[in-house]
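Reading the structure
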Amino acid sequence: MKIRTLPSTQLGDRMLDESLDFQSPELQSALQLWNSKSKADALPARGDFSHEDLAPFMGNIALINVENQPVRYQFRLIGTNITSIVKRDQTNEYLDEIYDDDALKNVVRSFDYILENRRPIRAFGNVSRAKKGHLNGEVIDGPLATDGQTVDIIIKFVKWTR
């Protein structure tokens, strides 16, 4: 198991887990869903996921647009359960316009990992950034590619625990 600690004074303790050893059965199901849509030579596209596929996760999904050259990330959709926990909705906002440079580096580490490795990653830790340090989150961030190759969306499935 390869786990990387993401140190941050602003974001609390967050870790990346390349082994994808999910504690949450819901996130294990999300990984199985992503794997079922992935092909040996191509990443899944957003269009590969039907409403029925995503229904069990509704409210706990975020979609992040990926722009290349230069790389920029934009919240495309943030589920209602996520926005109610963090008490804000940043849909359509660019992450580099929301966070200062130090915070941004920590927020996008899992996204940068995905661009480099073209595979899902597990992240987990507390939600101190949203002043919810008593709350822990476990997420799977997965790459999506309209053309099967170039990551243009990241799908995030979230599970909260106390």
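Conventions used here
Residues numbered from 1 in each chain as written. Predicted model: local features only at pLDDT ≥ 70, side-chain atom pairs only at ≥ 80, totals over all residues. Heavy atoms only, no water. Core = buried A, V, L, I, M, F, W, Y, C linked by side-chain atoms within 4.5 Å. Buried < 20%, exposed > 50% of the residue type's maximum accessible area, 1.4 Å probe, protein only. Helix = DSSP H or I, 4+ residues; strand = E, 2+ residues; numbered from the N terminus. Contact = heavy atoms within 4.5 Å. Salt bridge = Lys/Arg side-chain N within 4 Å of Asp/Glu carboxyl O. Arc of directions from axis to C-beta. pLDDT = per-residue confidence, 0-100. Expected span 1.5 Å × (residues − 1).

**Things to note about the nonpolar core**
Residues Tyr-73, Leu-95, Ile-154, Ile-155 and Phe-157 are the most contacted members of the largest nonpolar core, which totals 42 residues. Of all the secondary-structure elements, those providing two or more residues to this core are helix H1 (25-37), strand E3 (61-67), strand E4 (72-78), helix H5 (101-107), helix H6 (109-117), strand E5 (121-127), strand E6 (132-144) and strand E7 (153-161). Excluding anything up to four places from it in sequence, Tyr-73 contacts Ile-64, Asn-65, Val-66, Glu-93, Tyr-94, Leu-95, Val-108, Phe-111, Asp-112, Leu-115 and Ile-154.

**Comments concerning the pattern of salt bridges**
Counted according to the given criterion, the structure contains eight salt bridges. For Lys-159, the salt bridge goes to Glu-26, with nearest N and O atoms at 3.4 Å. Highlighted residues: Lys-159 in strand E7 and Glu-26 in helix H1, separated in sequence by 133 residues. What makes Lys-159 partly exposed here is its relative accessible area of 28%. When the shortest N-O distance is used, the salt bridge between Lys-37 and Asp-53 registers 2.9 Å. With Lys-37 in helix H1 and Asp-53 in helix H2 (residues 51-54), this pair connects stretches of sequence that are 16 residues apart. Through salt bridges with shared partners, a single network forms among Asp-17, Arg-122 and Glu-138.

**Quick look at H6**
Among the residues of H6, Ser-110, Phe-111, Tyr-113 and Ile-114 are the ones counted as buried. Along H6, the residues classed as buried sweep out an arc of 155 degrees about the axis, all on the same side. One or two positions beyond H6, positive phi appears at Arg-118, with a value near 55 degrees.

**Description of the confidence of the model for the protein**
Taken as a whole, the protein shows an average pLDDT of 87; of its residues, 86% reach a score of 70 or greater. Segment residues 1-12: pLDDT under 50, and 38 contacts once partners within four positions in sequence are set aside and those in other chains are kept.

**A closer look at H1**
In this model H1 runs 19 Å from its N-terminal to its C-terminal C-alpha over 13 residues, within 8% of the 18 Å that 1.5 Å per residue would give. Taken together, the buried positions of H1 are occupied by Leu-27, Ala-30, Leu-31, Leu-33 and Trp-34. Down the axis of H1, the buried set is contained in an arc of 160 degrees. They therefore lie on one face. In H1, the exposed positions angled more than 90 degrees off the buried face are occupied by Pro-25, Gln-32 and Ser-36.

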